[in-house]
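A look at the structure
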Amino acid sequence: MPPKTPTAEDHLRVLRDALKQSTPWTSGLLNVRPDELVLFYKHGAGEDDARHLNFNDATEEQLARLAESCQPATFGKGTEDILDESYRKAGKLDCADFAASLDVGTLRLVEAISPDLLDGRDDVEDKSIKAELYKLNVYGPGSFFKAHKDTPRAGDMIGSLVVVLPTAHSGGALTLSHGDSSTSFDSGALLADKPSSIAYAAFFSDVTHAVEEVTSGYRVTLTYNLFLLDAPTSRLVPGRQASAAETACEAALRALMADATFLPAGGLLGFGLQHQYPVPRTPSDPASLEHVTTVLKGADARMQSAAARVGLESVIQLIYRSLEYYARGRDRGGNQVVLGEVIDLEGMWDEGGETSEAVEKAGEVLRTARYSEIGVKPKKNSQPESESAGLEDEKRTAIFWVRRLTRLNRAESAFIAMGNQADLAHSYGDAALLVRFPPSGQRGAE
Ligand SMILES: O=C(O)CCC(=O)C(=O)O
Ligand SMILES: [Fe+2]
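An unreviewed UniProt entry lists the protein under the name Fe2OG dioxygenase domain-containing protein, with Mycena indigotica given as the organism. For the protein, the Sequence similarities (unreviewed entry) comment in UniProt is given as "Belongs to the iron/ascorbate-dependent oxidoreductase family."

Tallying secondary structure elements over the protein gives 10 helices and 26 strands in all. For the protein, the residues scored as buried account for 47% of the 446 residues in total. In the form shown here, the protein has an accessible surface area of approximately 21400 Å², with 50% of it arising from carbon and sulfur atoms.

Next up on the list: the pattern of salt bridges. Under the counting rule described, the total for this entry stands at 14 salt bridges. Here Lys135 makes a salt bridge to Asp94, at a shortest N to O gap of 3.1 Å. Of this pair, Lys135 sits in strand S10 (residues 127–139) while Asp94 sits in strand S8 (residues 91–94); the two residues are 41 residues apart in sequence, bridging distant segments of the chain. According to the relative accessible area criterion, Asp94 is partly exposed, its value standing at 24%.

Right, let's get into the packing of aromatic side chains. Enumeration over the complete set of coordinates arrives at 3 aromatic pairs. Both rings, one in Phe262 and one in Phe437, keep their centres 5.5 Å apart while their planes meet at 70 degrees; by these two values the pair is edge-to-face. With a gap of 175 residues between them, Phe262 in the loop between helix H5 (244–258) and strand S20 (267–272) and Phe437 in strand S26 (residues 422–437) connect regions that are remote in the sequence. Pair check on accessibility: Phe262 and Phe437 agree, each one buried. These aromatic residues form a ring-pair network of at least three members: Phe75, Tyr87 and Phe145. The ring of Phe227 carries Lys130 above its face, with NZ or CZ at 5.3 Å from the centroid. One Lys or Arg, Lys135, reaches over the ring of Tyr134 and ends 4.4 Å from the middle of that ring.

Cut-offs and rules
Residues numbered from 1 in each chain as written. Chains lettered and ligands numbered in written order. Predicted model: local features only at pLDDT ≥ 70, side-chain atom pairs only at ≥ 80, totals over all residues. Heavy atoms only, no water. UniProt positions renumbered as here; feature names shortened; annotations may be inferred. Helix = DSSP H or I, 4+ residues; strand = E, 2+ residues; numbered from the N terminus. Buried < 20%, exposed > 50% of the residue type's maximum accessible area, 1.4 Å probe, protein only. Areas by Shrake-Rupley, 256 points an atom, 1.4 Å probe, with all protein chains shown as cover. Salt bridge = Lys/Arg side-chain N within 4 Å of Asp/Glu carboxyl O. Phe/Tyr/Trp six-rings, centres within 6.5 Å; stacked < 30°, edge-to-face > 60°. Lys NZ or Arg CZ within 6 Å of the ring centre and 35° of its normal.

Here's what the structure looks like:
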């Protein structure tokens, strides 16, 4: 049998699978010298009240005394730091209260984690990651930290790095999860009988993570905030090699471009964002969607780079749903509408479809691409709907959602809703990555 020619559906599957190969975390083990494992720390208010120990050979007693010198660790909730030992039981030292000889710069730890955390970005030559020491934590027996996400402490903070020092402990595994994937980083097992090693894990800020209860020994960590910075000196680095996943995305996009029967009248491929970004949250929020295109991570960045390599325009836009169709009791649909900024609905009423009309007027109204345009049979409930409602087809843009829209990056606009009484209601826009296909006649061969 001759080999089957791949169809548009095959190419779209390649795209979807390549985007799943996400690396929102990375971890490893590193050999260090004993003199890199020294710690000095304050244990009282006096200027002579300092102790030191070496994690290479620290005794249980020394570690217990270190634990006693710590304050209870808090955690961030919204804009507050909260102490709640049912959520986090651990000790901490602030940077002003200790000095560790371990230097992540000399160890080239940032270089070790960067390829994974920057994977997919088109501008790695121009970017670098900076690790800034944040805390020392001691997890003694019974300590734990329940599932949470780290609060970004600045707009360019992208993640956290945890270095676990080589003290004997069991339990205390760090579990990480994001989307459909999860992993466990069991520092106690990794470091068993390796007193001259450190274990490390780095992950994006929006990865959900937890530290399981320590059942024996002490788990001592240095945590660092990771920032994404411009690297002006690195322009001489030769062009980056695209990863296998990105090359696969690029090839799939090229094949779809070359297929004149695929979105023949043009249209959009939609990709729900897999990570959280500083999108504008309200009409008056000065944050911009433009800025988000410069800080994409993982699979989101990979898709953006692949599109750029193929010469396709990709943008971050907000997807709204015009709501009057809910109100009229039609199916779950409603038109999806693309907007470049958060819509201001202040002073509007939802009665008579005023807000939906405003949304549709301000943006580009979508419709789900038909089977005849994409060669992919619609799966029930597999993608957000944009049912035909109101507008004629010619006035709407065809979209195919390769990855379904997520709610990780949501903007809201308040308006007045009439129920039993006038009440504030909200219209939501969810940011997505959109790749625009020109009509087949205008797709120049590159
Ligand atoms: O110690 C760890 O592995 C993670 C600690 C943590 O999640 C945090 O400090 O926010
Ligand atoms: Fe954390």
